[in-house]
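Listed below, chain by chain, are the residues.
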Amino acid sequence: MKLALLLITTLTFALGAPARSLFLGPSPGVAARAELAETPQDERGLVALDQALREITSPFTVLCVAARPGDEDDGALAYLRRKLGARTVMLFATRGEGEESPTRPELNEELGAVHTREAIEAARVTGSDVFFLNLRDIGYSKSPDEPLSVWGHDEALRRMVRALRLLRPDVIITPHDAASGEGVQQAVARLAREAFAAAPDTKMAPEAGSEVWQARRLFARTDQGSADVAINLKEYDRVRGLTYAQMGLAAHHRFFSRAALLDRLTPERETSYYSLVSSPSDETLHAGSGLLDGLTFTENVARSIAPPRVGDTGVVDSIAAGDRLVDALIEKLIEKRAEGTVETMHERYGAEFVRVVRFTAAVERALVLTLGLNLDVSLSDHVVVPGQKLIVRASLRNGSSRGFPVAFSAPERLPVPEKNPAYKEPDVTGVATGAVVSQEFEYEIAKDALFSLSKAAHLYDEEFYAVGSSLPGAQPAEPFGNRLVVSAEVGLGQVSIRLSALARFDVAHAVEISTIPFALVKDWSTPRDVEFTVRVRNRTPGPLAGALWVVPLAVSDDEYEPAHITFALEDQEVTIKLKLRLPILKPPLAPDVLIEFRREKPAPPDALGSARIAVNAIDFEVSDGLKVGYVRAVDDWLSFALNELGVENAELKMSDISVLKHGEHGSAKADAGAQVDCSDLAGFDTIIIDNNAYFARPELALHNKCLLRYVRQGGNLIVLGQRPDDWNLVTSGTQFAPYPIKLSADRVTIETSPVKIRDTENSPLSRPNKITAKDFEGWVVERAVNIPREWSSEYTPLLESSDPGEEPNRGSLLLARYGEGSYIYISLSMRRQLLVGNAGAYRVFADLVSLSKVNKTPAKPQ
């Protein structure tokens with residue numbers, strides 16, 4: 001008997017298309033809202049020049065310290081950068097990877113990568129740089145002590161101190177309160193205070209490895225009554241045609257994964273209030289003061305960074321002065337270069353030398369923009385394999401009325417070594433007025449190059465992204481991958497300026513294979529058929545022929561024949577459905593399933609790509625013959641989990657639940673009172689509503705009465721956790737549940753918190769699996785989220801749990817009989833547990849989806 005069935009479906013994608021995740025993409029409702037937010041672009045032309053000239057006039061740096069991407073004060077950052085010209089930096093303690101998104105399917109490090117991209121996009125809007133401490137996000141916490149314990153207080157403080165010494169801010173602002181709020185945010189506010197005091201102390205954190213630095217002021221966001229500073233974000237920016245509040249909201253809207261598109265302008269977004277938390281001089285701010293008002297520096301530094309003037313006109317007001325502005329900037333640059341090396345300036349100015357360095361860089365950027373110079377770097381391929389040829393093309397456009405000598409510079413080899421990178425000898429050429437000059441560099445990717453395509457595996461590789469302080473187009477939208485910096489040295493007579501642009505590329509296996517992470521069996525002696533999808537993508541630059549091998553089958557079955565695959569071009573993807581009888585091998589042999597792609601014989605059997613499926617034995621039972629329907633939210637994870645239980649399942653579209661009746665002109669009524677014709681759902685033993693489905697699929701509300709009809713007629717409806725604001729608002733006028741339930745923001749955040757089964761004998765959690773407290777061991781991140789605080793007496797709470805020191809919470813799993821059927825509301829973090837393969841979570845899930853069958857089956861005698 002054959003142990004595997006192979007079904008092949010080929011899907012071809014455009015060149016360079018990104019690899020797809022295991023589960024399908026966002027639901028239609030979520031995707032439609034995502035399209036509303038256009039990807040922000042770098043400012044260019046006169047807008048970018050205005051910004052550069054303002055930067056010349058402001059020697060200050062403001063650092064916004066926040067717990068996670070999306071926590072920062074975007075409006076204040078836009079005001080400080082766009083109006084005042086200050087350098088602004090967003091510092092995030094974590095990448096928010098411990099959260100769970102209502103709009104994105106990713107979890108853990110993959111979600112952290114999403115948040116990183118969103119932070120970069122937000123930074124483009126406000127003109128800020130981005131810095132990550134790369135502390136691990138533990139998710140929602142009720143106490144600052146928990147994250148500080150996980151991070152290690154001293155290590156977290158060391159990282160914060162090091163960041164202050166590297167970034168050298170004059171003013172630090174934080175939106176967080178050290179004494180109230182969510183635990184991670186409190187911890188970050190506490191660290192900001194401690195680092196403010198520790199960064200200038202040579203005895204504190206000496207291992208931080210950089211020169212001490214004293215920030216001048218530390219502010220925390222507050223309300224109007226406690227404020228020392230009020231920033232009016234309603235002020236209008238005539239250059240950009242927006243208020244600073246609108247810019248801040250546009251930046252905040254980049255955090256789609258946090259449902260930020262729903263946020264609107266509110267009084268809190270139109271004025272930012274801050275209280276002075278700490279200052280080395282114990283100063284008192286006068287009424288009407290700004291964050292930067294009154295800050296001074298030594299006279300010699302002030303002379304060195306005095307902005308140039310064009311005649312009697314300030315540099316910002318000289319934006320249209322053309323060649324006269326160019327000459328003034330060149331003169332100032334000659335003056336700065338005459339000051340000598342960075343080492344010389346450090347001796348002259350001490351720690352304040354950094355202001356002169358930044359001022360000089362600002363003059364260079366303004367000069368580049370005034371001359372209309374632009375450096376663009378393009379790659380022949382953004383995903384390469386070891387040994388592949390890669391062509392890099394650098395192009396310099398000259399928009400001025402002058403011609404210049406140019407010398408391009410690029411690394412000697414790729415990927416660029418971290419230590420002692422060598423650069424190609426530059427060739428001097430020239431660029432005429434209004435012309436473009438280009439140079440190509442050819443590389444062969446090192447055969448021992450490290451693979452970089454997995455963003456989750458490389459989430460913490462970098463910490464700093466110079467988004468706001470770079471020239472337009474110099475920083476790519478993608479924050480991950482190997483770095484390739486190409487420069488162009490442009491001669492301006494007595495001085496030259498260097499333009500640099502960063503490009504990124506990934507090194508991948510020749511063949512990329514993605515499939516399910518694990519497969520479940522009841523035990524090693526009970527075989528079961530598991531069907532799953534394998535996606536195979538050709539990453540080589542051209543055609544490729546080979547075979548996909550299930551290695552354990554090749555070892556155990558002499559008649560085994562692999563699936564033969566021929567790719568016609570790069571980035572073509574083939575989808576294969578495998579049906580395996582597991583386990584193939586049993587302990588003490590390794591039971592995991594290794595899948596490899598190899599070239600056709602007689603080529604050596606070396607794997608060009610591979611994937612491994614963990615095979616785990618879990619003692620679970622599920623009712624026979626179950627058919628489960630589900631309404632998905634952001635991805636298809638429910639199908640994966642149900643398949644792991646061996647349960648037949650199908651996604652329910654809205655039209656599968658009911659059909660809206662049409663009005664006079666043939667359009668369906670799209671309001672809560674719309675009339676619907678309910679479909680016959682009796683063929684499903686259980687229907688599951690995914691987490692946040694009422695948010696991701698708002699049209700579901702119109703079909704909800706048919707779901708309740710399904711329950712009345714004997715169905716089993718399981719509703720996974722929903723967003724409290726959405727649920728409570730909608731249920732105030734619509735019957736979402738058979739009896740009232742009011743959600744709250746309550747959570748059980750400690751994943752090891754004890755769980756009590758309230759009725760061990762008669763509970764639905766007693767069949768087909770006898771659930772005990774042991775089934776809640778090994779859960780990750782948290783127990784339950786947005787737990788109902790109030791519910792009708794018709795509901796029976798099945799579990800009891802709480803964080804240490806709190807009253808027992810009984811709302812995480814509620815069951816009500818309604819007509820002939822059952823309604824279950826679950827606030828347990830089931831999705832996260834099922835996707836990591838937690839045995840107890842699968843046993844609980846099996847009992848809940850089996851409930852309608854179990855109710856019809858007498859209990860077995862003990």
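Residues numbered from 1 in each chain as written. Predicted model: local features only at pLDDT ≥ 70, side-chain atom pairs only at ≥ 80, totals over all residues. Heavy atoms only, no water.

Take the overall build of the chain next. When helices and strands are counted, the chain shows 22 helices and 44 strands. Computed over the C-alpha atoms, the radius of gyration of the chain is 31 Å, within 12% of the 29 Å expected from 2.2 N^0.38 for a compact globule of 862 residues. Overall, the C-alpha framework of the chain stretches about 95 × 75 × 70 Å when taken along its three principal axes. Taking all 862 residues of the chain together, the buried fraction comes to 55%. Restricting to contacts in the chain with at least 6 residues of sequence separation, those with at least 24 account for 77%. A total of about 36700 Å² of accessible surface is found on the chain, and carbon and sulfur atoms cover 51% of it. Taken as two groups, the 96 positive and 117 negative side-chain charges of the chain have centres that lie 1 Å from each other. (Helix = DSSP H or I, 4+ residues; strand = E, 2+ residues; numbered from the N terminus. Rg over C-alpha atoms; globule rule 2.2 N^0.38 Å. Buried < 20%, exposed > 50% of the residue type's maximum accessible area, 1.4 Å probe, protein only. Contact = heavy atoms within 4.5 Å. Areas by Shrake-Rupley, 256 points an atom, 1.4 Å probe, with all protein chains shown as cover. Lys, Arg positive; Asp, Glu negative; His and termini not counted. Charge placed at Lys NZ, Arg CZ, Asp CG, Glu CD.)

So, about helix 3 (residues 74–83). Here helix 3 lies mainly inside the structure; 9 of its 10 residues are buried. Once helix 3 ends, the next one or two residues include Gly 85, with phi positive near 80°.

Along the polypeptide, Gly 248 turns up in helix 8 (residues 244–252). Overall, the relative accessible area of 1% leaves Gly 248 in the buried class. With 22 residues separating them along the chain, Gly 248 and Glu 270 place their C-alpha atoms 9.3 Å apart. Apart from the residues within four sequence positions on either side, Gly 248 is in contact with Asp 74, Gly 75 and Ala 78.

A separate point is the pattern of salt bridges. Counted under the stated rule, the structure contains 63 salt bridges. The partner of Arg 402 in a salt bridge is Asp 327, with the nearest N and O atoms 3.1 Å apart. With Arg 402 in the loop between strand 15 (389–398) and strand 16 (404–409) and Asp 327 in helix 11 (residues 323–337), this pair connects stretches of sequence that are 75 residues apart. Taking the relative accessible area as the measure of exposure, Asp 327 reaches 42% and is therefore partly exposed. (Salt bridge = Lys/Arg side-chain N within 4 Å of Asp/Glu carboxyl O.)

This brings us to the confidence of the model for the chain. The pLDDT averaged across the chain works out to 92; a share of 92% of its residues lies at or above 70. Overall, residues 1–20 carries pLDDT values under 50, and its contacts beyond four positions in sequence, including any with other chains, amount to 60 contacts. (pLDDT = per-residue confidence, 0-100.)

On to the packing of aromatic side chains, then. Scanning all chains against the criterion turns up 17 aromatic pairs. Residues Phe 518 and Phe 640 carry aromatic rings whose centres are separated by 5.3 Å and whose planes lie at 75° to one another, so their mutual orientation is edge-to-face. Pair noted here: Phe 518 is in strand 23 (residues 518–521) and Phe 640 is in helix 15 (residues 637–645), with a separation of 122 residues, a long-range link. Given the relative accessible area of 5%, Phe 518 is considered buried. When its relative accessible area of 7% is taken as the criterion, Phe 640 is described as buried. Between the aromatic rings of Phe 776 and Trp 779, the centroid separation amounts to 5.2 Å while the plane-to-plane angle is 35°, which identifies the pairing as tilted. Across the pair, exposure class does not vary: Phe 776 and Trp 779 are buried alike. (Phe/Tyr/Trp six-rings, centres within 6.5 Å; stacked < 30°, edge-to-face > 60°.)

Now for the nonpolar core. Counting residues in each nonpolar core, the largest one holds 80 residues, and the members touching the most others are Leu 548, Phe 597, Ile 688, Phe 845 and Val 849. It is helix 21 (residues 839–849) that contributes the most residues to this core, 7 residues altogether. Residues contacting Phe 845, with those up to four places away along its chain left out, are Leu 638, Ala 641, Leu 642, Leu 645, Ile 688, Met 830 and Leu 834. Membership of the second largest hydrophobic core comes to 63 residues, among which are Leu 369, Val 377, Tyr 443 and Val 486. (Core = buried A, V, L, I, M, F, W, Y, C linked by side-chain atoms within 4.5 Å.)

This brings us to the side chain of Ser 272. Its location among the elements puts Ser 272 in strand 10 (residues 271–278). Side-chain polar atoms of Ser 272 contact the side chain of Arg 221, separated by 3.2 Å. Setting aside residues no more than four positions away along its own chain, Ser 272 makes contact with Asp 73, Ala 76, Arg 221, Val 229, Ala 230, Ile 231 and Leu 233. (Polar contact = N/O pair within 3.5 Å; in protein donor to acceptor, adjacent residues only side chain to side chain.)

Where burial is concerned, most of strand 35 (residues 716–720) is hidden: 5 out of the 5 residues are buried. Of the two faces of strand 35, both are covered, the one formed by Asn 716, Ile 718 and Leu 720 as well as the one formed by Leu 717 and Val 719. Sheet topology places strand 35 next to strand 44 (residues 821–826); 5 bridges connect them, and they run parallel. Each residue of the ladder has a partner; that of Asn 716, found in strand 44, is Ser 822. (Pairing = 2+ DSSP bridges.)

With 13 residues, helix 2 (residues 45–57) should reach 18 Å at 1.5 Å per residue; the first-to-last C-alpha distance of 19 Å fits that figure. Every buried residue of helix 2 is listed here: Ala 48, Leu 49, Asp 50, Gln 51, Ala 52, Leu 53, Glu 55 and Ile 56. Here the buried face of helix 2 lies against helix 3, helix 11 and helix 13 (353–371). (Expected span 1.5 Å × (residues − 1).)

Looking at the secondary structure, you find Glu 118 in helix 4 (residues 108–126). Here Glu 118 is buried and forms no salt bridge, its nearest opposite-charge partner Arg 104 lying at an N-O distance of 5.9 Å. Among the polar contacts listed, one links the side chain of Glu 118 to the backbone nitrogen of Phe 256, at a separation of 3.3 Å.

Helix 4 packs onto helix 3 with a crossing angle of 45° between their chain directions and a minimal axis gap of 9 Å. When the axis of helix 3 is compared with that of helix 4, the two are oblique. When helix 3 is examined against helix 4, the residues Asp 74, Leu 77, Ala 78, Arg 81 and Arg 82 are found in contact with a partner set consisting of Ala 122, Arg 124, Val 125 and Thr 126. Along the lines of polarity and charge, the residues of the contact of helix 3 with helix 4 split into 4 nonpolar, 1 polar and 4 charged. (Axes fitted to C-alpha atoms, helices over the stretch in contact; angles between N-to-C directions. Parallel < 35°, antiparallel > 145°, perpendicular 65-115°, else oblique. Nonpolar A, V, L, I, M, F, W, Y, C, P; charged D, E, K, R; others polar.)

On the basis of which strands lie adjacent, the open sheet formed by 3 strands has the order 13-15-18 and antiparallel pairing. Both edges of this open sheet fall to strand 13 (373–379) and strand 18 (436–444), since each of them pairs with a single strand only. When the angles between neighbouring strand axes are averaged without regard to direction, this sheet yields 15°. Across 9 bridges, the pairing between strand 15 and strand 18 is antiparallel. Bridge assignment links Leu 396 to a residue of strand 18, and that residue is Val 437.

Turning our attention to the state of the cysteines. Applying the stated criterion across every chain yields a total of 1 disulfide. Bridging Cys 678 to Cys 706, the disulfide has an S-S length of 2.0 Å. Judged by the sign of its S-S torsion, about -80°, the cystine formed by Cys 678 and Cys 706 is left-handed. With a gap of 28 residues between them, Cys 678 in strand 33 (residues 676–678) and Cys 706 in helix 18 (residues 700–712) connect regions that are remote in the sequence. Its relative accessible area of 29% is what places Cys 678 among the partly exposed residues. Taking relative accessible area as the criterion, Cys 706 reaches 2% and is therefore assigned buried. (Disulfide = S-S within 2.5 Å.)

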